[in-house]
2 protein chains.
Amino acid sequence: MEPGGVSVSAVLPAGGSGERLGGATPKQFCAVQGRPLVSYAVRAMERISWISDIIVVVSPENIETMKTIIEKYGHKRVTVVEGGITRHRSIFNGLKVFAEKQFSSHLFQKPEVVIIHDAVRPFVEEDILSKVVMAAKEHGAAGAIRPLVSTVVASAADGCLDHSLERARYRASEMPQAFLFDVIYEAYQQCTDYDLDYGTECLHLALKYCKTNAKLVEGTADLWKVTYKRDLYAAESIIKDNLSQEVCVITDANETVAQVGFLLPESLKRQIKVETVSISQSRNDNHLQSIFSGQCYNFVCVNDKKCAIQETQQLVHILEKSDIPLLHPVVLISVYLDISGNNSFSIGMEELASIKKFARETKKKNILVYGLLIQYKDPSLLQETVNSAAALIMALIKDRNPELIGQLLVA
Amino acid sequence: MEPGGVSVSAVLPAGGSGERLGGATPKQFCAVQGRPLVSYAVRAMERISWISDIIVVVSPENIETMKTIIEKYGHKRVTVVEGGITRHRSIFNGLKVFAEKQFSSHLFQKPEVVIIHDAVRPFVEEDILSKVVMAAKEHGAAGAIRPLVSTVVASAADGCLDHSLERARYRASEMPQAFLFDVIYEAYQQCTDYDLDYGTECLHLALKYCKTNAKLVEGTADLWKVTYKRDLYAAESIIKDNLSQEVCVITDANETVAQVGFLLPESLKRQIKVETVSISQSRNDNHLQSIFSGQCYNFVCVNDKKCAIQETQQLVHILEKSDIPLLHPVVLISVYLDISGNNSFSIGMEELASIKKFARETKKKNILVYGLLIQYKDPSLLQETVNSAAALIMALIKDRNPELIGQLLVA
């Protein structure tokens, strides 16, 4: 829901060093499905029309990297700002572009409410952003919270337990947070160097320096912060899951193909949302364009021409013209229906080599092409073969494995 | 390191309902790589020789499920005990089998130190177990802690921020914990119904009822608790990672095969630890047995016989006799080297069907068989083809995708 009548901008601190991840690359720049994590967080903000400016604050050595990311993934309304040596100093720098002309090439329109969100929390939804913004407008400050997963304990000087906190009385403070711009900017101007160097929590500054008790808003589980390597694994799996919600099946009008073109979607429908399009429709871009606008990242082309790269090529061209492959790899499975009924049917090496070559070229455009052969022999076995094909299609879609492109699987 | 001279047993509460996971199956029974999570935690305890008895406490409706799991995965030294309606009551029930005869068919030897660990923390290492046991022997109680990932806040009655905790002063209390048996048993006997119903933290009981200040031991990041769906994803990826550390390449003595049998391991070595064995050695079980004892879960058989199921069958028999496939799926890639030099080389449907049939049978034994074809044509292109084969092998090993078994990939 849009928070009516409030002007909103966002600051994303992305200056962390990612020590806890144990890698050389700071976590916000780690690739998930080939794309840096920070780009997912930026995209999560950018798709929300009521957020005006998105300020990404990065350490000086990563400014060029960040600018390249913005260009490569076509991010809009994003400005890169140089961070300070701590999280608070970076956020302060991000806020200054709205208030002080010398910190930026132009003075941005000061928003009524500013959202602060982490570059390493890629799954933030509009709902929680809207909630913290509205709560901030009312209370001056607001932040997402989550129940504690573990009990929190205080240790004594000797490394022994001093006391345990009663878990139900406390919450984990997460992101996003939102503030009346004047409140948080005032807090940063008032706060001490000690705060700027050792603090991390914006809600605390608003309370301490502006007497603003932030509204705490219960968030969803997907607000978690990518901190450890296991979190990158989890993020990767969640993104793959999100990309595996829908498949578009494109079929020929030919009678036998049409039969498989009917059975295959039926089998797939048990596991995934399916759109079907006939090839003649697919030649008319409009229908496909409407599917593209629905953010479908998986396509299955069914035809009876051996290794029909031409048909697939046509779809690749349409996909390239869309911006679908820009943000996520698109899976394109070319299903070849062998209706020869010939048990000694065989596949030649040259044909396999040509599929692989085509797939390698197409991968450069972030489209992952796989081949799948369905043998149409005994009609009584067709259902079983189609189910097996559906299982392979689901496996290819869920895995999105770039190493297996150009392979011809057999159902 | 073995904690010398201390008798140790373990209690694993596994009675949780897994509400936060959002699924019908309690998280400890969710399958990761086909095996319930609780079995991983049990295995982590069981492999440590100095832990005598492992008591798994489950809710009454899951007792049979748990007994089936123990039987299926061959767990030893494990006893299933019926839990109570809360975590504390379950742990108390687990402890009683060491102290009170009526709670079990026989009285277990009371240990000096008892470890308490969660069924949903599958990655606990011997090092931290040993540390908490030794600290418990010295201090009476000990528990693993981790730095807080998020700031902890206290909310006021109006849902607004009351205060933030200074993150550096607090820690997340994790598992494993360990106690002198008499300390924790006394604490449970003394504590109130309110404690048993609403508390969760054993360290707190030891402090409150036995004046024992637990030693807090800094743990590693892998102690985290599987709580949300994303944690199951992370656990799955970590387990796949652990299984992809080593591959055993078995080759023929034939000259051309030997050349690939040399180049392929060299290429694989850039990404994974590689053991090589000749087929003649593999016929002598001893050498393979020593590799099996090294917990290798990935095998590549290189030969020049078209779809040489016989060779692969032999390895399957040896694997079946070992207990390697009992706990984890084993990947077995049958590499067929085509030395015909024939560009119009082709693969028949019947051969493909026979590989698939074989793979389906073998999958029932938890062995995942894949086919891989390497064409030996131009010697100048051999290195490139071998690198491509190595990339496919790594992809198959890392993914362990059960849907792709029986497929013949082409390098």
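Here the residue numbering is sequential within each chain, running from 1 through the sequence in written order. Whichever chain is written first becomes A and whichever ligand is written first becomes 1, with later ones labelled in order. In keeping with the predicted nature of the model, local features appear solely for residues at pLDDT of at least 70, side-chain atom pairs appear and are counted solely at 80 or more, and the whole-chain, interface and lining totals rest on all residues. Computation of side-chain values: all heavy atoms of the structure, hydrogens and water removed.

The condition is simple: UniProt positions are given in the numbering used here, feature names are shortened, and annotations may be inferred rather than shown by experiment.
As recorded in an unreviewed UniProt entry, chain A goes by the name D-ribitol-5-phosphate cytidylyltransferase, listed as coming from Pipra filicauda. One UniProt comment on chain A, placed under Subunit (unreviewed entry), says "Homodimer." Heading Sequence similarities (unreviewed entry) of the UniProt record for chain A holds this comment: "Belongs to the IspD/TarI cytidylyltransferase family. IspD subfamily."

With respect to the overall build of chain A
Our working rule: Segments assigned H or I by DSSP are reported as helices when at least four residues long, segments assigned E as strands when at least two residues long, and all are numbered from the N terminus. Whether a residue is buried, partly exposed or exposed follows from its accessible area with a 1.4 Å probe, protein chains only, as a fraction of its type maximum: under 20%, in between, or over 50%, in that order. Any two residues whose heavy atoms approach within 4.5 Å at even a single point are treated as in contact.
For chain A, the helix and strand inventory stands at 15 helices and 18 strands. In terms of overall dimensions, chain A has a C-alpha envelope of 80 × 55 × 40 Å along the principal axes. The 411 residues of chain A split such that 60% are buried. Contacts spanning at least 24 positions in sequence make up 77% of the contacts within chain A whose residues lie at least 6 apart.

What to know about helix H3 (residues 87-96) of chain A
Extensive coverage of H3 of chain A is indicated by the burial of 8 of its 10 residues. What H3 of chain A keeps buried is the set His88, Ser90, Ile91, Phe92, Asn93, Gly94, Leu95 and Lys96 of chain A.

Considerations on the relation of the copies chain B and chain A
The test is simple: Least-squares fitting of one copy onto the other uses the C-alpha atoms of those residues that reach a pLDDT of at least 70 in both copies.
Taken as rigid bodies, chain B and chain A are interconverted by a rotation of 180° and an axial shift of 0.0 Å, the fit giving an RMSD of 0.0 Å. These values place the two chain copies in the arrangement generated by a two-fold rotation axis. Within chain B, the C-alpha atom positioned nearest to the axis of rotation is that of Ala234 of chain B, 2.4 Å from it. Taken as a fraction of all interface residues of chain B, those also at the interface in chain A reach 100%, which identifies the copy contact as same-surface.

A few points about the interface of chain B and chain A
Going by this rule: By definition here, a salt bridge exists when the distance from a side-chain nitrogen of Lys or Arg to a carboxyl oxygen of Asp or Glu is within 4 Å. In protein, a polar contact requires one atom able to donate a hydrogen and another able to accept it; more generally it is a pair of N or O atoms within 3.5 Å, and residues adjacent in sequence count only if both atoms are side-chain atoms. Here the term charged refers only to Asp, Glu, Lys and Arg, the term nonpolar to Ala, Val, Leu, Ile, Met, Phe, Trp, Tyr, Cys and Pro, and the term polar to all other amino acids, Gly among them. A pair of strands is labelled paired if DSSP reports no fewer than 2 bridges between them.
Contact with chain B, which involves 72 residues of that partner, is made by 72 residues of chain A. For the interface between chain B and chain A, the tally reads 1 salt bridge. Counting the contacts that link chain B with chain A gives 32 residue pairs in polar contact (both at pLDDT 80 or more). No other element matches the 7 residues that helix H8 (residues 229-243) of chain B contributes to the side of chain B that touches chain A. In the side of chain B that touches chain A, the residues fall into 34 nonpolar, 20 polar and 18 charged. In terms of strand pairing, strand S10 (residues 170-180) of chain A meets strand S8 (residues 151-155) of chain B through 4 bridges, oriented antiparallel. Considered in S8 of chain B, the bridge of Arg171 of chain A is made with Val153 of chain B.

Remarks on the pattern of salt bridges
Residue and element names in this part refer to chain B. Inspection of the entire model under this criterion finds 33 salt bridges over all chains. A salt bridge links Lys137 to Glu112; the nearest nitrogen and oxygen atoms lie 3.0 Å apart. Of this pair, Lys137 sits in helix H4 (residues 126-139) while Glu112 sits in the loop between helix H3 (87-96) and strand S6 (113-116), and the two are 25 residues apart along the sequence. A relative accessible area of 39% means that Lys137 is categorised as partly exposed. With a relative accessible area of 31%, Glu112 lands in the partly exposed category. Here Lys131 ties to Asp127 by a salt bridge, and the two come within 3.1 Å at their closest N and O atoms.

Notes on the sheet that holds strand S12 (residues 246-251) of chain A
Think of a sheet as strands paired side by side through backbone hydrogen bonds, with each pair either parallel or antiparallel. Residue and element names in this part refer to chain A. For the record, the criterion: Lines are fitted to the C-alpha atoms to define the axes, a helix being fitted only along its stretch in contact, and any angle between axes, read from their N-to-C directions, falls within 0 to 180 degrees.
Here we have 6 strands laid out as an open sheet, ordered S13-S12-S14-S15-S17-S18, and parallel in their pairing. Of all strands in the sheet, those bounded by a partner on one side alone are strand S13 (273-278) and strand S18 (408-410). The average angle at which neighbouring strand axes cross in this sheet is 25°, direction not considered. Pairing of strand S14 (residues 298-303) with strand S15 (residues 330-338) involves 6 bridges; the strand directions are parallel.

Some details on the packing of H3 of chain B against helix H5 (residues 181-190) of chain B
All names here are of chain B. Going by this rule: The scheme is simple: roughly parallel for angles under 35 degrees, roughly antiparallel for over 145, roughly perpendicular for 65 to 115, oblique for anything else. A crossing counts as left-handed when the near helix is turned anticlockwise from the far one by less than a right angle, and as right-handed when that turn is clockwise.
At their nearest, the axes of H3 and H5 sit 10 Å apart, and the two run at 130° to each other. It follows that H3 is oblique to H5 by the angle criterion. Note on packing geometry: the crossing formed by H3 with H5 is left-handed. Judged by residue contacts, His88, Ile91, Phe92, Leu95 and Lys96 of H3 engage Phe181, Ile184, Tyr185, Tyr188 and Gln189 from H5. Here the contact of H3 with H5 is built from residues that sort into 7 nonpolar, 2 polar and 1 charged.

Side note on the side chain of Asp338 of chain A
All names here are of chain A. The topology assignment puts Asp338 in strand S15. For Asp338, a relative accessible area of 2% gives the class buried. Engagement of the side chain of Asp338 in a polar contact is seen with the side chain of Gln375, the distance being 3.1 Å.

A few points about the domain arrangement of chain A
Where the parts come together, the accessible area they lose is often given as the size of the interface. Residue and element names in this part refer to chain A. Inclusion rule: Start and end positions for the domains come from either an automated domain assignment or a database one. Note on definitions: buried area is the accessible-area loss of two parts on being combined, 1.4 Å probe, summed for both.
Looking at chain A, the domain boundaries give domain 1 (8-236) and domain 2 (244-410). Centre-to-centre separation of domain 1 and domain 2, based on C-alpha positions: 41 Å. With 8 residues of domain 1 in contact, the opposing surface of domain 2 contributes 5 residues. Taking both partners together, domain 1 and domain 2 bury about 520 Å²; carbon and sulfur atoms supply 56% of that area. Viewed at the interface, domain 2 and domain 1 are joined by 0 salt bridges. The tally of links between domain 1 and domain 2 comes to 1 residue pair in polar contact (both at pLDDT 80 or more). Here the residues of the side of domain 1 that touches domain 2 are counted per class, giving 2 nonpolar, 3 polar and 3 charged.

A short note on the environment of Ile339 of chain B
You can see Ile339 of chain B is positioned in the loop between strand S15 (330-338) and strand S16 (346-348). Measuring from C-alpha to C-alpha, the distance between Ile339 of chain B and Val124 of chain B comes to 48 Å, with 215 residues separating the pair along the chain.

Digging into the pairing of S15 of chain A
Residue and element names in this part refer to chain A. Within S15, 9 of the 9 residues are buried, which leaves it mostly tucked inside the rest of the structure. Alignment of S15 against strand S17 (residues 367-375), held across 9 bridges, turns out to be parallel. Bridge pairing links Val331 to Leu368 in S17.

Quick look at the packing of H5 of chain B against helix H7 (residues 202-210) of chain B
All names here are of chain B. Their axes nearest at 9 Å, the elements H5 and H7 cross at an angle of 80°. In this view, H5 runs roughly perpendicular relative to H7, as classed from their interaxial angle. Between H5, through Val183, Ile184, Glu186, Ala187, Tyr188 and Gln190, and H7, the contact on the second element is made entirely by Cys202, Leu205, Ala206, Tyr209 and Cys210. The residue inventory of the contact of H5 with H7, partitioned by class, reads 9 nonpolar, 1 polar and 1 charged.

Section: unusual backbone geometry
Residues Met175 of chain A and Pro176 of chain A are joined by a peptide bond in cis, for which omega reads 5°. On the secondary structure map, Pro176 of chain A appears in strand S10. With phi around 55°, Lys211 of chain B is a residue other than glycine that occupies positive phi space. You can see Lys211 of chain B is positioned in the loop between H7 and strand S11 (215-218).

Details of the sheet that holds strand S12 (residues 246-251) of chain B
Residues and elements named next belong to chain B. Strand order in the open sheet formed by 6 strands is S13-S12-S14-S15-S17-S18, with parallel pairing between adjacent strands. Here the strands that pair on one side only, and so sit at the sheet edges, are strand S13 (273-278) and strand S18 (408-410). Strand-to-strand, the axes of this sheet are offset by a mean angle of 25°, without reference to chain direction. Bridge count for S12 against strand S14 (residues 298-303) is 3 bridges, and the pairing is parallel.

With respect to the state of the cysteines
Our working definition: By definition, disulfides here are pairs of cysteine sulfur atoms that lie within 2.5 Å.
As enumerated under the stated definition, the model contains 0 disulfides over all chains in all. The thiol of Cys296 of chain A is not disulfide-bonded; the next cysteine sulfur, from Cys248 of chain A, is found 5.6 Å away. Not part of a disulfide, Cys160 of chain B finds its nearest cysteine sulfur in Cys210 of chain A, a span of 15 Å.

Remarks on the packing of aromatic side chains
For the record, the criterion: Classification of ring pairs uses Phe, Tyr and Trp, with its six-membered ring standing for Trp, and accepts pairs whose centres are within 6.5 Å; under 30 degrees between planes counts as stacked, over 60 as edge-to-face, and the remaining range as tilted.
By the definition in use, this model includes 14 aromatic pairs over all chains. Residues Phe181 of chain B and Tyr185 of chain B carry aromatic rings whose centres are separated by 5.3 Å and whose planes lie at 15° to one another, so their mutual orientation is stacked. Of this pair, Phe181 of chain B and Tyr185 of chain B both sit in helix H5, 4 residues apart, roughly one helical turn. For the pair Phe181 of chain B and Tyr185 of chain B, a shared accessibility class is recorded, and that class is buried. Residues Tyr194 of chain B and Tyr198 of chain B carry aromatic rings whose centres are separated by 4.8 Å and whose planes lie at 40° to one another, so their mutual orientation is tilted. Here Tyr194 of chain B and its partner Tyr198 of chain B are both found in helix H6 (residues 193-198), 4 residues apart, which amounts to about one turn of the helix. When sorted by exposure, Tyr194 of chain B lands in the same class as Tyr198 of chain B, which is exposed. These aromatic residues form a ring-pair network of at least three members: Phe92, Phe98, Phe108, Phe181, Tyr185 and Tyr188 of chain A.

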